[in-house]
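Results of the structural survey
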Amino acid sequence: GQTNLKSPQDIQVYIVNTNFTLRWNYTGNDTNVTFSAEYRFEDSETNETEWKELPGCQNVTRTECDFSSAITKYYDTHHVRVRAERREEVSPWSSIFEMTPYFIAQIGPPGIELQSTNGVIKIKVSPPEANQVRKMWIAHLSFNYNLVIWENSSNAEFRSQTIFPTDVIDDLAPDTTYCLKVQATLPFDFQEGLFSPIRCVKTTRKAVNNLLCATNVSILALNMKFFLHWNNQYKQHVSYNVQYLIGYLKKLYDDYSVKWLNVPGCENITDTQCNFSSIITATSGFYYLRVQAMSEYNKSCLSNEVKVDPLITNEIGPPGVKVDISDVLLHIQILPPGGSECEVMRDHYDLSYRILYWKNSSNDEEEIKMKEIKQIIGTISDLTPSTLYCVKVQAFSEVYNKSSHYSKEKCIKTPGDKALPLIILATFVTALFAVLLVATLLTLALYQAYNKIKYVFFPSCQPPLNIEGFGGQHFSSLYLSTTEEPIENCSIIETIITEEVNQLDFKDYKHSKQSSRDSGNYSNDDDTSGSKMLEETLEKEIV
């Protein structure tokens, strides 16, 4: 069991595409030493974890070996170990190296083909593992390609750009040697591959500018309405076809030159503009457009291509604004850019609105205030009465870092201050109430005084008519005869007269009483009892 052989150190596995290389270090001074490796992997189907000899790494004399043929499960976890051997003597196993091939693999260099023509370089890129049966990278359409190009000179400046599998490199100097290399990347996996070997090619001179071709091809897009504009430098009759290509076709490795389509409504036209909004059916993809010019001699020329990424190319137009005023609030209604029917503007841009408002007065120092809202209806408070306020609104999207121009100014005047009229009205009502209250109390006091005076000086109660008609002198004498004794001293002399008078007065009284009863004016009980008492008194005196 004793051995003098040391174990290998620093075990590493390098993977490029499906090429696997195992490397290690050996610090021993022993000669005639070979190395062997074993591996195991956790098979999810068989649950097998036994160590096996690693093919391609048995009895090797170098400190590396290629075991590409042994690994076929790129997403499973593998373990690798190495030991040194000399005849029957073996070293202890090295530490175990654990790996999952897909996560440590590097993307290999792509293949490239170059063609120099008419002042440009045409390049065709083939994906890594293009000619291999076993592939680490299945989704080759997910590759992006980075190009680095420079002039083959001592003071070269490097230029980087993203290219498609089939693309054209322009803006190059004629008769100049350019060198380039290409790298494949997987953006979603944050993986960058190895660059291809450097290739160099010399450019040619560009053909004389064809006046038939459309120039300065540009796009004007506002609120998802797309227009293509170009210039015409041809002095004779010329017509145009506007063509488009769906962007993803350029990511394919096939020839897309035959897949260009004509824009409906922009075929065989003489105008130098075209509305191509009808072809923008999705906002997630992108498009390419070009103009084909045709002369009356059946000659044609294709313009440069322009790229359209709808949500990025499009510009946001100014919103519409309506303002209204209430007692204390300024109400602002915003009409979204493109109108309420434009769902793309509303749903994809996630628009917000910036409101500027100020007092429109001769004072140039009036402060412009700002308010940002997400809704299409906003209110502004703290307004000054009888003041002209002006408002303008800007739409913006933080997601796309875009903003519109401001809308036209809308001005409206706030109503006057209603506090003073209310105070005056309240004062008037209070004063009126106080006057009415004082007048009512004074009227009641005068009425009470009037009643008192009338009661004292002008009593409403009068003596009965039978008493009034009896005669003041005789009536008073009746009461005196009952109370004063001296009348009896004259009774002998005035007996006959008194009898006659009393009889006469009694008859008059009865007649008055009868008349009074017939008329019904004094029919109450008190008068009746009083009359009876008077009769009895008179009868006694007569007797």
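Residues numbered from 1 in each chain as written. Predicted model: local features only at pLDDT ≥ 70, side-chain atom pairs only at ≥ 80, totals over all residues. Heavy atoms only, no water.

Under an unreviewed UniProt entry, the chain has the name INAR1 protein and belongs to Cochlearius cochlearius.

If you tally the helices and strands in the chain, you get eight helices and 32 strands. Scored against the burial criterion, the 543 residues of the chain give a buried share of 35%. For the chain, restricting intrachain contacts to residue pairs at least 6 apart in sequence, the fraction spanning at least 24 positions comes to 64%. (Helix = DSSP H or I, 4+ residues; strand = E, 2+ residues; numbered from the N terminus. Buried < 20%, exposed > 50% of the residue type's maximum accessible area, 1.4 Å probe, protein only. Contact = heavy atoms within 4.5 Å.)

Taken in spatial order, the three strands of this open sheet run 25-26-29, and their pairing is antiparallel. Among the strands making up the open sheet, the edge pair consists of strand 25 (320–325) and strand 29 (377–380). When the angles between neighbouring strand axes are averaged without regard to direction, this sheet yields 20 degrees. (Pairing = 2+ DSSP bridges. Axes fitted to C-alpha atoms, helices over the stretch in contact; angles between N-to-C directions.)

On to the sheet that holds strand 10 (residues 120–126). One open sheet holds the three strands; their spatial order is 9-10-13, and the pairing between them is antiparallel. In the strand order of this sheet, the two ends are held by strand 9 (111–117) and strand 13 (166–169), each with one partner. The sheet shows a mean angle of 20 degrees between the axes of neighbouring strands, taken without regard to direction.

Attention shifts here to the nonpolar core. Grouped together as the largest cluster of nonpolar side chains are 50 residues, with contacts concentrated most on L22, L54, F67 and I123. For this core, the leading source of residues is strand 14 (residues 177–186), giving five residues. Taken domain by domain, this core gets at least three of its residues from each of domain 1 (9–103) and domain 2 (111–203). With residues up to four places along the chain from it excluded, the contact list for L54 reads L22, A37, E38, Y39, F67, A70 and V80. Core analysis: the second largest hydrophobic core is formed by 48 residues, Y240, Y244, Y287 and I412 among them. (Core = buried A, V, L, I, M, F, W, Y, C linked by side-chain atoms within 4.5 Å. Domains from an automatic or database assignment.)

So, on to the confidence of the model for the chain. Residues at a pLDDT of 70 or more form 80% of the chain, whose mean pLDDT is 82. For the stretch residues 469–532, pLDDT sits under 50, and the model shows 40 contacts to residues farther than four places along the chain or on other chains. (pLDDT = per-residue confidence, 0-100.)

Enumeration according to the criterion identifies five disulfides in this entry. Two residues share a disulfide in this structure: C179 and C200, whose sulfurs sit 1.9 Å from each other. The chirality of the disulfide connecting C179 with C200 is right-handed, given an S-S dihedral of about 100 degrees. Pair noted here: C179 is in strand 14 and C200 is in strand 16 (residues 199–202), with a separation of 21 residues, a long-range link. Disulfide pairing places C213 opposite C301 at an S-S distance of 1.3 Å. Across the S-S bond of C213 and C301 the torsion is about 60 degrees, and the bridge reads as right-handed. Taken together, the residues span a long stretch of sequence, with C213 in the loop between strand 16 and strand 17 (215–222) and C301 in strand 23 (residues 300–302) at a distance of 88 residues. (Disulfide = S-S within 2.5 Å.)

Now for a nonpolar patch on the surface. A cluster of nonpolar residues, L425, F428, V429, L432 and L436, forms a patch on the protein surface that exposes about 490 Å² of accessible area. With respect to the element layout, F428 can be found in helix 4 (residues 419–457). Classification of F428 as exposed rests on a relative accessible area of 54%. (Patch = residues over 30% accessible without salt bridge, like charges linked within 9 Å, V, L, I, M, F, W, Y side chains within 5 Å. Areas by Shrake-Rupley, 256 points an atom, 1.4 Å probe, with all protein chains shown as cover. Salt bridge = Lys/Arg side-chain N within 4 Å of Asp/Glu carboxyl O.)

Further remarks concern the side chain of T283. By the element assignment, T283 lies in the loop between strand 21 (273–275) and strand 22 (287–295). Excluding residues that lie within four positions of it along the chain, T283 makes contacts with M224, D309, P310, L311, V344 and H348.

Let us look at the layout of surface pockets. Volume-wise, the largest pocket comes out at about 1,600 Å³. In terms of lining, the largest pocket is formed by 48 residues, of which the most central are V120, V168, D170, S303 and N304. Per-class residue counts for the lining of the largest pocket are 19 nonpolar, 16 polar and 13 charged. Formed jointly, the lining of the largest pocket draws a minimum of three residues from each of two domains, domain 2 (111–203) and domain 3 (215–313). (1 Å grid on protein atoms, 1.4 Å probe; cavity = no way out; pocket = protein on both sides within 12 Å on 5 of 7 lines; lining within 4 Å. Points joined across faces, edges and corners; volume = space filled by probe spheres on them. Nonpolar A, V, L, I, M, F, W, Y, C, P; charged D, E, K, R; others polar.)

It is worth spelling out the pattern of salt bridges at this point. Here the structure, examined in full by the defined rule, presents ten salt bridges. With a closest N to O distance of 3.2 Å, E64 and R62 form a salt bridge. Residue E64 is classed as partly exposed on the basis of its relative accessible area, which comes to 28%. Look at R62 and you get exposed, because its relative accessible area is 55%. Through salt bridges with shared partners, a single ionic network connects R23, R62 and E64.

This paragraph deals with the environment of G317. Mapped onto the elements, G317 comes out in the loop between helix 2 (310–313) and strand 25. By relative accessible area, which is 0% here, G317 ends up buried. C-alpha of G317 to C-alpha of H405: the two residues are 88 residues apart in sequence and 6.6 Å apart in space. In this view, G317 contacts L222, N223, P337 and S404; residues no more than four positions away in its chain are not counted.

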